[in-house]
Amino acid sequence: MSTSARSHPASTASSGGVQSLERAFDLLERMADAGGEVGLSELATSSGLPLPTIHRLMRTLVATGYVRQQPNRRYSLGPRLIRLGESASRLLGTWARPHLARLVEETGETANMALLDGDEVVYVAQVPSRHSMRMFTEVGRRVLPHSTGVGKALLAPVPDDEVRALLARTGMPAATEKTITTPDAFVSALETVRSTGYAVDDNEQEIGVRCLAVTVPDSPTAAAISISGPAGRVTDAAKERIVPLLKEVARDLSRTLAATGPA
């Protein structure tokens, strides 16, 4: 969620304790939006909260390990969040699995769910195809986004300058002879994803394998689902049938994730 779209936590609070809790979570989300490290003045500007209030909340978050104060006096997300994030990722996979099973049932191909974790794509759920010839992408596997369909889907909503900065950090090694290896070509590919609403990995991660991917709208963290299989089965003709199904399942999954909140 962008900082501009996030409502001010004070406007929905019903008591002092709830207000402090909402404000603390809001600050953590703003820190994540800013890349994980911010100064108090930046938080004051983005949140609209008084500096003394922010300082008090940050002291509590530091004391509990959810925030760490750096030597330069700036604040970064703390290590205790890692365990929460890992558990949440596993739950996302659990909630996604019935939707992935539907994709396998209706397409016959392996279905995956992936998240963007830092500069990498991590697969958090999979339902394998029943075919003997299928793509094997184990849960927990990490790959660079430039050579995958899910990576393109996940980066399509990201501004081009941020995409280029990510590619500069990771490099663009060629997994196959079809891998996109220049920032300009990759940014151009993302334009196609934005206009069509889906991404394609055409032998770019593994020769002989094609992947079709879409983002999960309104996911609490950037997420994408995909089907992958032999290029001989995931043809252009099959794509015309599979892409609308992928988009429908992504919308259904989005509703499932939204339903995990309060009744």
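Residues numbered from 1 in each chain as written. Predicted model: local features only at pLDDT ≥ 70, side-chain atom pairs only at ≥ 80, totals over all residues. Heavy atoms only, no water.

Quick look at the nonpolar core now. With 30 residues, the main nonpolar core has Leu100, Leu103, Met113, Leu212, Ile225, Ile227 and Leu246 as its most contacted residues. Of the residues forming this core, the biggest block, nine residues, is contributed by helix H8 (residues 236–258). Residues within four places of Leu100 in sequence aside, it is in contact with Ala111, Asn112, Met113, Ala125, Gln126, Val127 and Ile225. (Core = buried A, V, L, I, M, F, W, Y, C linked by side-chain atoms within 4.5 Å. Buried < 20%, exposed > 50% of the residue type's maximum accessible area, 1.4 Å probe, protein only. Helix = DSSP H or I, 4+ residues; strand = E, 2+ residues; numbered from the N terminus. Contact = heavy atoms within 4.5 Å.)

Phi is positive for Arg73, which is not a glycine, with a value near 75°. Relative to the helices and strands, Arg73 is located in the loop between strand E2 (67–69) and strand E3 (75–77). With phi around 60°, Asp218 is a residue other than glycine that occupies positive phi space. Position of Asp218 among the secondary structure elements: in the loop between strand E8 (209–215) and strand E9 (223–230).

An order of E1-E3-E2 is seen for the three strands of this open sheet, with the pairing classed as antiparallel. With one partner strand each, in any of the chains shown, strand E1 (37–38) and E2 form the two edges of the open sheet. Pairing geometry for E2 and E3, over three bridges, is antiparallel. Among the inter-strand pairings, Gln69 is bridged to a residue of E3, identified as Tyr75. Running at roughly 105° to E2, helix H3 (residues 51–64) makes contact with E2 and E3 of the sheet. (Pairing = 2+ DSSP bridges. Axes fitted to C-alpha atoms, helices over the stretch in contact; angles between N-to-C directions.)

Attention now goes to helix H7 (residues 183–196). The first and last C-alpha atoms of H7 sit 20 Å apart over 14 residues, in line with the 20 Å expected at 1.5 Å per residue. Every buried residue of H7 is listed here: Phe186, Val187, Ala189, Leu190 and Val193. What you see down the axis of H7 is that its buried residues fit within an arc of 155°, all on one side. Turned more than 90 degrees away from the buried face of H7 sit Asp184 and Ser195, all of them exposed. Against the buried residues of H7 lie helix H5 (149–155), helix H6 (160–170) and strand E7 (199–202). Gly197 occupies a position one or two residues after H7 and carries a positive phi of about 85°. (Expected span 1.5 Å × (residues − 1). Arc of directions from axis to C-beta.)

As a further point, take the packing of helix H2 (residues 40–47) against H3. Following both chains from N to C, one finds H2 and H3 inclined at 115°, their axes separated by 10 Å at the closest point. Between H2 and H3 the crossing geometry is right-handed. Contact residues: H2 offers Leu40, Ser41, Leu43, Ala44 and Ser47, while H3 offers Leu51, Ile54, His55 and Met58. Classifying every residue of the contact of H2 with H3 gives six nonpolar, three polar and no charged. (Left-handed = near helix turned anticlockwise from the far one by under 90°. Nonpolar A, V, L, I, M, F, W, Y, C, P; charged D, E, K, R; others polar.)

This part covers the pattern of salt bridges. One pass over the full model with this rule turns up 19 salt bridges. Bridged by salt links that share partners, the residues Arg102, Glu106, Glu248, Asp252 and Arg255 form one connected network. (Salt bridge = Lys/Arg side-chain N within 4 Å of Asp/Glu carboxyl O.)

The next thing to look at is the sheet that holds E9. To summarise the sheet geometry, strands pair through backbone hydrogen bonds and adopt either a parallel or an antiparallel arrangement. With respect to topology, six strands assemble into an open sheet ordered E6-E5-E4-E9-E8-E7, the strand pairing being antiparallel. At either end of the open sheet lies a strand with only one pairing partner, and these are strand E6 (142–143) and E7. Bridge count between strand E4 (residues 110–117) and E9: six bridges; the pairing is antiparallel. Pairing of Ala114 across the sheet is with Ala224, part of E9. H8 rests against E4, E8 and E9 of the sheet, and its axis sits at about 35° to E8.

Another aspect to go through is the confidence of the model for the protein. Mean pLDDT for the protein: 86, with 88% of residues reaching 70 or above. Mean pLDDT in the protein bottoms out at helix H4 (residues 80–107), which sits at 82, and peaks at H7, which reaches 97. Below pLDDT 50 for its whole length, residues 1–14 participates in 21 contacts with residues either more than four positions away or in separate chains. (pLDDT = per-residue confidence, 0-100.)

Relative to each other, H6 and H7 sit at 135°, their axes nearing to 10 Å. Taken as axis vectors, H6 and H7 run oblique relative to one another. Helix-helix and strand crossings are classified by hand; for H6 and H7 the assignment is right-handed. Residues Asp160, Val163, Arg164 and Leu167 of H6 touch H7, and the partners they reach there are Pro183, Asp184, Phe186, Val187, Leu190 and Arg194. The residue inventory of the contact of H6 with H7, partitioned by class, reads six nonpolar, no polar and four charged. (Parallel < 35°, antiparallel > 145°, perpendicular 65-115°, else oblique.)

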